[in-house]
Protein chains: 2
Amino acid sequence: MASRKPRPTQSGRVTLSEIAERVGTSSITVSRVLNAPHLVSEELRTQIESVIAELGYMPNRAARALARARSESVAVLIPSLSNTVFTQLLEGVRDVLHAAGYRTLIGDTRYSPEEEESLLRAYLEHSPDGILITGFDQTNATRDLLQRSRVPVVHMMEMTDADMYSVGLEQFDAGLAITRHLLERGYRSIGFLGAQLDPRVMERLAGYRAALHEAGLNYPVGEILDPTPSSIGLGATLLGRLLEQAPHTDALFCCNDDLALGVLFECQRRGIPVPGKLAVAGFNDLAAAAWVHPTLTTVATPRYEIGHTAASMLLQLMNGETPVPAKKDVGFSLIVREST
Amino acid sequence: MASRKPRPTQSGRVTLSEIAERVGTSSITVSRVLNAPHLVSEELRTQIESVIAELGYMPNRAARALARARSESVAVLIPSLSNTVFTQLLEGVRDVLHAAGYRTLIGDTRYSPEEEESLLRAYLEHSPDGILITGFDQTNATRDLLQRSRVPVVHMMEMTDADMYSVGLEQFDAGLAITRHLLERGYRSIGFLGAQLDPRVMERLAGYRAALHEAGLNYPVGEILDPTPSSIGLGATLLGRLLEQAPHTDALFCCNDDLALGVLFECQRRGIPVPGKLAVAGFNDLAAAAWVHPTLTTVATPRYEIGHTAASMLLQLMNGETPVPAKKDVGFSLIVREST
DNA sequence: CTGTTAGCGCATTCAG
DNA sequence: CTGAATGCGCTAACAG
């Protein structure tokens, strides 16, 4: 009767039931050896284990995910892979999640909320068990997708008042702190160099302005804002722009260390003494900051810890627990070096 | 008769058959709208499409992968995520593979063949349709896994004589070229700073030695090899070691720009004129090289292009085509700047 | 402790 | 152009 052609054996890979057949048992028992070995008798277990080893059996995650409605994967969305700030964060994430048996699906949004939305849409098809996402600057559609997916989400890098799980630091306070430091050092014409202009940079800018304001100052001519991605080269360029626009600037807060390094290099090239003629501060405390000449004053941000903590919080959520507190502030520290 | 409790509806997500039911058709037709829309009548199609949009249907990749025995994902194994050399390579990979509808599973091996093996084992469970891997320094077990999986593989970064698909450059030749450049500039006591000591560094070292040899020279006292991961700080440290061990060194080839930058900074600190007293060359042409003072002579390596080309080659293999040639040499270029 | 039954969501095969 | 039947590989639920 049945005249249909069977599909060719698909993957060619060894399956649970092939192992079962070899041993003379059922596939569910083999499955148990893998997932709950204490439920299988010593004898059968060792027998099955040896066949598994012999045949080089390798479980099929797609089948498991389908049957269990859990993928054991986590989507991680960061703005950029070529910025070590985020790759260090990823290391913290990876260390926690891999130890717990999860895979990470890494997505680079290129600092674009639209790209983030599109990546999220793609990754949701994989039914991630959890999501780590950078900041709070999501499109409405992204927020909607997150909500309707009912997948636990932890936001990284910033703090918020909203009712969301998050691990980060107060970017505003950090901008405030480093600007206050410059004020304490006696600088008065303090400029600001900003690039990329993502939400964290804008918060630092707001902190900078607030610090000037509380000192009874303001210095709008010293603010250079450029939406281009940050780079050392851009730092050099923007210094040029600043010196034309506000030649009397005596100190400069750069929104990140890349810009600050570019500024330092350009100062060397132009023979501008740092900090004698111009003090320079950065943000993030990248590896070069401690070695460049003069060494760079900056704000150290605990990226690894953010990733680690956020991933731990997500683990709790994926286990059905409720992390307390829901928001963790990992803080920052002012690193005063030679450049100021 | 049937008294078993049905499983609770698993994911809660909208499925093909729910959409089919709403429209009054079968799930296979809905599937066709997604995968082969030209096979469905205009009328049914628009009707189905609107229900898909209305319900926010999202395909389940696990189910699709299981049914098609294809995951539409590619595993990418690189030594380090915190080295921009590899993140730029990943950008090339990503641009090609995402455009072709593939997801990338990124694995950071920490320069360890054993870690690489363990990651590969984990990722093979996802049935990747292809694999991109760095270099040729795999464990025997890794080679075996790759072979038996029958998944297409492309190796990145280096060249080989073996019969494998690969995209890279002759690390030996690059080391040779930059050392020849130093020789042409008249330097004779040319040292070598190496860290990490991965296969690519060792090839560059071999190229360096060959160049000295063909000039009738050798300078073993000027070779500093340290298995520690590269960093700017390590460059500074190793310079100190070199100056003790071989104070008459007049030029230095650092196995990468991180070390070279550390050397340059430390020279500034110690008041050693570059290139007056010591010429310095790096490798990779990282962003800082063109801006540091003095600007750094180095070898530019086309990382993005390697990733892009390797991914394109892998696409061909996954489509059942045979890439010709099987090995692509993307070359390198000597960038001569102020430091030599 | 072990096995049977059923089904996860989708796509291939073949028959209309 | 559309649909029914079937199975991908695995595991939850239940019954022995």
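Residues numbered from 1 in each chain as written. Chains lettered and ligands numbered in written order. Predicted model: local features only at pLDDT ≥ 70, side-chain atom pairs only at ≥ 80, totals over all residues. Heavy atoms only, no water.

Named according to an unreviewed UniProt entry, chain A is LacI family DNA-binding transcriptional regulator originating from Noviherbaspirillum saxi.

**A word on the sheet that holds strand 5 (residues 166-168) of chain A**
All names here are of chain A. Across the sheet, six strands lie side by side as 2-1-3-4-5-11; this open sheet has parallel pairing. Only two strands of the sheet have a single neighbouring strand rather than two, namely strand 2 (103-108) and strand 11 (327-329). The average angle at which neighbouring strand axes cross in this sheet is 15 degrees, direction not considered. In this structure, strand 4 (residues 153-157) lies alongside strand 5, joined through three bridges in parallel fashion. (Pairing = 2+ DSSP bridges. Helix = DSSP H or I, 4+ residues; strand = E, 2+ residues; numbered from the N terminus. Axes fitted to C-alpha atoms, helices over the stretch in contact; angles between N-to-C directions.)

**Section: the environment of Arg32(A)**
Relative to the assigned elements, Arg32(A) resides in helix 2 (residues 27-35). Sequence separation between Arg32(A) and His248(A) is 216 residues; the distance between their C-alpha atoms is 74 Å.

**Regarding empty space enclosed by the protein**
Within the structure shown, the criterion is met by three cavities of 30 Å³ or more. When its volume is computed, the largest cavity comes out at roughly 270 Å³. Forming the boundary of the largest cavity are 18 residues, of which Arg61(A), Ala62(A), His126(A), Ala62(B) and His126(B) lie nearest the centre. (1 Å grid on protein atoms, 1.4 Å probe; cavity = no way out; pocket = protein on both sides within 12 Å on 5 of 7 lines; lining within 4 Å. Points joined across faces, edges and corners; volume = space filled by probe spheres on them.)

**Some thoughts on the interface of chain B and chain A**
With 52 residues of chain B at the interface, the matching set in chain A holds 53 residues. Our count for the contact surface shared by chain B and chain A stands at eight salt bridges. Note that Asp108(A) and Arg94(B) form a salt bridge whose closest N and O atoms lie 3.5 Å from each other. Applying the counting rule to chain B against chain A returns 21 residue pairs in polar contact (both at pLDDT 80 or more). Looking at the side of chain B that touches chain A, the elements with two or more residues in it are helix 4 (61-68), helix 5 (84-99), strand 2 (103-108), helix 6 (113-124), helix 7 (140-149), helix 10 (232-245) and helix 11 (257-270) of chain B. Here the side of chain B that touches chain A is composed, by residue class, of 24 nonpolar, 13 polar and 15 charged. (Contact = heavy atoms within 4.5 Å. Salt bridge = Lys/Arg side-chain N within 4 Å of Asp/Glu carboxyl O. Polar contact = N/O pair within 3.5 Å; in protein donor to acceptor, adjacent residues only side chain to side chain. Nonpolar A, V, L, I, M, F, W, Y, C, P; charged D, E, K, R; others polar.)

**Observations regarding the nonpolar core**
The biggest cluster of nonpolar side chains holds 95 residues, and the ones touching the most others in it are Leu193(A), Val280(A), Leu193(B) and Val280(B). Discounting chain neighbours no more than four positions away, the residues touching Val280(B) are Leu252(B), Cys254(B), Ala260(B), Val263(B), Leu264(B), Val274(B), Leu296(B), Thr297(B), Ser339(B) and Thr340(B). Val96(A), Ile106(A), Leu286(A) and Leu315(B) belong to the second-largest nonpolar core, a separate cluster that totals 58 residues. (Core = buried A, V, L, I, M, F, W, Y, C linked by side-chain atoms within 4.5 Å. Buried < 20%, exposed > 50% of the residue type's maximum accessible area, 1.4 Å probe, protein only.)

**Points about helix 11 (residues 257-270) of chain A**
In an α-helix, one full turn covers 3.6 residues, which means residues spaced three or four apart are oriented alike. Counted at 1.5 Å a residue, the expected span for helix 11 of chain A with its 14 residues is 20 Å, and the 19 Å between its end C-alpha atoms agrees. Burial of helix 11 of chain A is extensive: ten of the 14 residues sit out of reach of the surface. All of the buried residues in helix 11 of chain A are Asp257(A), Leu259(A), Ala260(A), Leu261(A), Gly262(A), Val263(A), Leu264(A), Phe265(A), Glu266(A) and Cys267(A). Those residues of helix 11 of chain A that are buried are in contact with strand 6 (190-195), helix 10 (232-245), strand 8 (251-254), strand 9 (279-281) and strand 10 (298-300) of chain A together with helix 11 of chain B. Two or three places before Asp258(A), at the opening of helix 11 of chain A, Asn256(A) has a side-chain oxygen 3.1 Å from that residue's backbone nitrogen. Positioned one or two residues after helix 11 of chain A, Gly271(A) has a phi angle of 75 degrees, which is positive. (Expected span 1.5 Å × (residues − 1).)

**Re the sheet that holds strand 5 (residues 166-168) of chain B**
Residues and elements named next belong to chain B. Reading across the sheet, the six strands line up as 2-1-3-4-5-11 and stay open at both edges, with parallel pairing between neighbours. Each edge of the sheet is formed by a strand with only one pairing partner; in this case those strands are strand 2 and strand 11 (327-329). Across this sheet, the average inter-strand angle for adjacent strands is 15 degrees, counted without regard to direction. Pairing of strand 3 (residues 130-134) with strand 4 (residues 153-157), which is carried by four bridges, proceeds in the parallel orientation.

**Considering the packing of helix 10 of chain B against helix 11 of chain B**
Residues and elements named next belong to chain B. Close contact between helix 10 and helix 11 brings their axes to 6 Å; oriented N to C, the two are set at 60 degrees. Classified by the angle their axes make, helix 10 and helix 11 are oblique. You can see that helix 10 and helix 11 cross each other, and the crossing is right-handed. Taken together, the residues of helix 11 that come into contact with helix 10 (itself represented by Ile232, Leu234, Gly235, Ala236, Leu238, Leu239, Gly240 and Leu243) are Asp258, Leu259, Leu261, Gly262, Val263, Phe265, Glu266, Cys267 and Arg270. Grouping the constituent residues of the contact of helix 10 with helix 11 by class yields eleven nonpolar, three polar and three charged. (Parallel < 35°, antiparallel > 145°, perpendicular 65-115°, else oblique. Left-handed = near helix turned anticlockwise from the far one by under 90°.)

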